[in-house]
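Secondary and tertiary structure notes
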Amino acid sequence: MKIEDAIDAMQNAAEVRRLFHIYSRAAESYGYDRVLLALLSDHPRLQQSAQHGVLSSYPEAWVEYYLSQGYDEDDPVKIEVQRGVSPFSWNQLLERKGLSKRQRVLFNEAAEADLHDGLGIPLHGPGGASAGIGLASSCKGVSFDSRTLWTIHNLSIQFYACYWRLNEKPSSRSSRVSLTPRESEILRWLASGLTKAEVADRLIISYHTVDFHTRSILQKFKTGSITAAVHFATAQGYITLD
C-alpha cells in the first residue's frame, strides 16, 4: 500500500477498528504483520487510561504472558519509547550494553513467540500524552533502511492523530486550540514541505517571525515536533492540504 493511499484512507476512516486495519495493512506491506498500540500515559481528553495493547495484532497468548510476568515495568522497548522521539529497531537496543539478564530474556521469549525484527515508534499527543507502537514480523528476515523507518514513523504519527480524532470526546473538543490566520498559513506551508527559511521567503517576512509563529504552534499543540503538529492539524481539521 502506498503511503499516500494509506494516509488518505486513515483520514477517511469512520471508526477505530477500520483505522487500525488500514494502518496494519500499510505496516504489513513493509513486512511487519504484528502491530501493538500502547498508551503509555493516561489520555484524559480521550477518557482512556494508560494501557498496554489497547489495539493489537500480537498473539494474545504472548500479550497475556508479557503482562503476567510484569515485563511492562522494565521492557527496554517501552522505556526507550517513553524517553525518545525517534523510531528505532529492537536490535539497536540489544546491541547496547547495560541490558539486564531479565531484559535479554524478554527479547528471547518474544522471538520464541514469533515476534522478530521489531521496531519501536514513540508517539506524543496533545497535553503531554504519550503512546508507542511496537511493530514486528511473524517471520525472520525483514530488512529496512532509514528511509523506510521514517516512512513508517510518519504513518504511525498519522495513525495516532486519527486515533485522537475518532476518540476525542465532544466536551474535549470544545477546548481545541485556536490558531491565528498567520499561524495557519505558516503551518500549511510547513506541511507542504518548505523549511522555515523558505516559508519566510514565500511570505516575504523574516525568518525570526516564522520561527516565532512556529514555536507558538508547537506550544499550542504541546509537541516539540513540527511533523507531529502537522499530522494532528490535518487529522483534526485545523488545516487542509491540497
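This is a predicted model, so every value here is computed, not measured. (Residues numbered from 1 in each chain as written. Predicted model: local features only at pLDDT ≥ 70, side-chain atom pairs only at ≥ 80, totals over all residues. Heavy atoms only, no water.)

A few words now on the side chain of Gln48. Along the chain, Gln48 turns up in the loop between β1 (34-39) and β2 (51-56). Judged by its relative accessible area of 18%, Gln48 falls in the buried class. Within the structure, the side chain of Gln48 is placed 3.2 Å from the side chain of Asn167, a separation counted as a polar contact. Setting aside residues no more than four positions away along its own chain, Gln48 makes contact with Leu39, Asp42, His43, Tyr163 and Asn167. (Helix = DSSP H or I, 4+ residues; strand = E, 2+ residues; numbered from the N terminus. Buried < 20%, exposed > 50% of the residue type's maximum accessible area, 1.4 Å probe, protein only. Polar contact = N/O pair within 3.5 Å; in protein donor to acceptor, adjacent residues only side chain to side chain. Contact = heavy atoms within 4.5 Å.)

Moving on: the sheet that holds strand β5 (residues 130-137). In a beta sheet, neighbouring strands are held together by backbone hydrogen bonds and run either parallel or antiparallel to one another. Spatially, the 5 strands line up as an open sheet ordered β2-β1-β5-β4-β3, and their pairing is antiparallel. The open sheet is flanked by β2 and β3 (88-89), the only strands paired with a single partner. Bridge count for β3 against strand β4 (residues 116-124) is 2 bridges, and the pairing is antiparallel. By the bridge assignment, Phe88 is partnered in β4 with Gly120. (Pairing = 2+ DSSP bridges.)

Owing to its 3.6 residues per turn, the α-helix brings residues three or four apart onto one side. With 15 residues, helix α11 (residues 207-221) should reach 21 Å at 1.5 Å per residue; the first-to-last C-alpha distance of 21 Å fits that figure. Of all the positions in α11, only Val210, Asp211, His213, Thr214, Ser216, Ile217, Leu218 and Phe221 are classed as buried. Against the buried residues of α11 lie α9 (181-191), α10 (196-203) and α12 (226-235). Taken from the residues just after α11, Lys222 is the one with a positive phi, measuring 55°. (Expected span 1.5 Å × (residues − 1).)

It is worth spelling out the confidence of the model for the protein at this point. The share of residues in the protein with pLDDT of 70 or more is 96%, and the mean pLDDT across the chain is 89. Of all secondary-structure elements in the protein, the lowest mean pLDDT belongs to helix α8 (residues 170-173), at 57, while β1 reaches the highest, 97. (pLDDT = per-residue confidence, 0-100.)

Turning to the packing of α11 against α12, a few remarks are in order. For the pair α11 and α12, the least separation of the axes is 10 Å and the interaxial angle reads 65°. At the point where α11 passes α12, the crossing takes the left-handed sense. Side by side, α11 and α12 meet where Thr214, Ile217, Leu218 and Phe221 of the first sit next to Ile226, Ala229, Phe232 and Ala233 of the second. Each residue belonging to the contact of α11 with α12 can be placed in one class, and the counts come to 7 nonpolar, 1 polar and no charged. (Axes fitted to C-alpha atoms, helices over the stretch in contact; angles between N-to-C directions. Left-handed = near helix turned anticlockwise from the far one by under 90°. Nonpolar A, V, L, I, M, F, W, Y, C, P; charged D, E, K, R; others polar.)

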